[in-house]
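Coordinate analysis (summary)
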Amino acid sequence: MKARKAKLIMLAVLAVFMFFFSSDFGLIDVEKTSIITAVAIDKEQSRYVVTAQIAVPEATDTNSENLKAHISGRGSTIGGAIKDLGDLSGWFPKLAFCNLIILSNDMASENVVDVLDYFAKSLRVQDSALVILSEKKASELLELATPLDNISSFALQKILFKNTGFDRDVYPTDIKTFCAGHYSDSHSALMPIVKVLPAGESNKGGSKSSGGESGSGAGSQSQGGSSDSSKESKSTDNLFNAKTTALFKDGVKVGELDEPLTLSFNSLFQSMRGTTFSVDGIKYNGKDTNYLLTIIKSRPKITLKATENKLILDIDLKLYCKTADHNSDYSNAALSLNEPIPDQVKEKAEQTFKANIEELILTEKQTACDFLKIKEKLYRYNHKQYSRYKDNFLSVMDSFVNVTILGQE
């Protein structure tokens, strides 16, 4: 028995060595593998154009910068276009490190899930890869460089993923979340729209921010040795803005949430700790005073009640805030770290958030995109009435919104 066991172990070790020395463990040569960090998808007539951003390590004793390369492939399907990438470059396209998928704005009028299905069902791509909609051509975003990171996809990820302390003014979406929303009973999903703004326009306040700071932009810088001044200007004087959110119903774009609405939407479904927002036009001694408030804690509560005749949506939002800054003339209280929020500021902030949430409800009714997840609440908490209202829940729904701003006393 022991001899038989020893023979089996010897055969197993021999098999491992045979696979190793025959290179069956290395079917793909490392030097012939391209590490794709982002994929941009455009469409030319009936063919897909997939542009991949590839990180090319070029570290030396004098230069530790990672360069990037762009390669485009074409095909009648997404898989065929990615296969064409490898055929044209001689590199095997490695998608395991792809964290960003960019869709062209032209594709928003079609069912974008026809494109995302390949990435959702393929084990070669992470489910956590972010999905964004470009305002223009998708490949243009990959051509931009930034002063924060030479690889544009990394800069885009920085403005999409924000740690605690940054404003929650962007709604990031990954493949799993978008496809789960699309295949749910409401067939609704969201993704951020990335806009490219000239740096000069941003400095002049061209990009409005509900948070009081322009924290979601990333500029770009030129590549050394470029002789084309116009091309250099195009690639350097740009900022990214992802504060607008696209609404999708059955995979087709049906509307947008602008920057204030995106911020208000996030206040209902995300932790808003550290987010700032401005309250302008407060009268003090006959002068307009502007305040900047920081959210310490948010407590949203969304309930749906079903009766025999209608649905009642009740939204209650409590925001615990503190004064971060103001330009008032008085200075006594400004020296305190725990400055109370004036009643006028609270009232105007409550009115603003309430109006934004009411507009969110109106937008849902107009677009039929259930981004507020009302149908899900109907199924979970009012299942006996689900069959009665599942097809007309938006038309028979009344809503009540209450917003309370609580400050330091």
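In this text, all values refer to a predicted model and were calculated from it rather than measured experimentally.

**Overview of the packing of helix 3 (residues 113–121) against helix 6 (residues 175–182)**
- One can describe the packing of helix 3 onto helix 6 by two numbers: an axis separation of 10 Å at closest approach and a directional angle of 125 degrees. Compared by their axis directions, helix 3 and helix 6 come out oblique. By crossing handedness, the relation of helix 3 to helix 6 is classed as left-handed. Here helix 3 contributes Val113, Leu116, Phe119 and Ala120 to the contact with helix 6, which in turn contributes Ile175, Phe178, Cys179 and His182.
- Broken down by class, the residue content of the contact of helix 3 with helix 6 amounts to 7 nonpolar, 1 polar and no charged.

**Thoughts on a nonpolar patch on the surface**
- Together, Leu8, Leu11 and Leu14 make up a nonpolar patch on the protein surface, roughly 310 Å² of accessible area in all.
- Its location among the elements puts Leu14 in helix 1 (residues 2–21).
- A residue is classified by how much of its surface remains accessible, and Leu14, at 47% relative accessible area, is partly exposed.

**Brief notes about the pairing of strand 8 (residues 238–249)**
- Most of strand 8 sits out of view: 11 of its 12 residues are buried.
- When strand 8 meets strand 9 (residues 252–257), the two strands line up antiparallel, connected through 5 bridges. Residue Ala246 lies in a different strand from strand 9, and its bridge partner there is Glu256.
- Hairpin connection of strand 8 to strand 9: 2 residues between the antiparallel strands, including Asp250 at a positive phi of 55 degrees.

**With respect to the sheet that holds strand 13 (residues 397–406)**
- Pairing within the open sheet is mixed, and its 4 strands lie in the order 10-11-12-13. One side of each edge strand has no neighbouring strand; the edge strands of this open sheet are strand 10 (276–284) and strand 13. Along the sheet, successive strands turn relative to each other by an average axial angle of 35 degrees, direction set aside.
- With 15 bridges joining them, strand 11 (residues 287–306) and strand 12 (residues 311–326) adopt antiparallel strand pairing. Counterpart to Pro300 in the pairing with strand 12 is Leu317.
- Sitting on the sheet, helix 10 (residues 343–367) touches strand 10, strand 11, strand 12 and strand 13, and the angle it makes with strand 13 is about 155 degrees.

**Quick look at unusual backbone geometry**
- A positive phi is found at Ala368, a non-glycine position, where the angle reads about 65 degrees.
- Located in the positive-phi region is Lys373, a residue other than glycine, with phi close to 60 degrees.
- Its place among the elements puts Lys373 in the loop between helix 10 and helix 11 (374–381).

**Considerations on the pattern of salt bridges**
- Enumeration according to the criterion identifies 11 salt bridges in this entry.
- Of the charged contacts, one joins Lys121 and Asp117 as a salt bridge, the two residues approaching to 4.0 Å between their closest N and O atoms. With Lys121 and Asp117 both in helix 3 and 4 residues apart, this pair spans about one turn of that helix.
- Asp117 sits in the buried class, given a relative accessible area of 16%.
- Salt-bridge contacts for Asp316 lead to Lys318; the nearest nitrogen and oxygen are separated by 3.0 Å.
- Given the relative accessible area of 18%, Asp316 is considered buried.
- A relative accessible area of 29% means that Lys318 is categorised as partly exposed.

The rules behind these values
Residues numbered from 1 in each chain as written. Predicted model: local features only at pLDDT ≥ 70, side-chain atom pairs only at ≥ 80, totals over all residues. Heavy atoms only, no water. Axes fitted to C-alpha atoms, helices over the stretch in contact; angles between N-to-C directions. Helix = DSSP H or I, 4+ residues; strand = E, 2+ residues; numbered from the N terminus. Parallel < 35°, antiparallel > 145°, perpendicular 65-115°, else oblique. Left-handed = near helix turned anticlockwise from the far one by under 90°. Contact = heavy atoms within 4.5 Å. Nonpolar A, V, L, I, M, F, W, Y, C, P; charged D, E, K, R; others polar. Patch = residues over 30% accessible without salt bridge, like charges linked within 9 Å, V, L, I, M, F, W, Y side chains within 5 Å. Areas by Shrake-Rupley, 256 points an atom, 1.4 Å probe, with all protein chains shown as cover. Salt bridge = Lys/Arg side-chain N within 4 Å of Asp/Glu carboxyl O. Buried < 20%, exposed > 50% of the residue type's maximum accessible area, 1.4 Å probe, protein only. Pairing = 2+ DSSP bridges.

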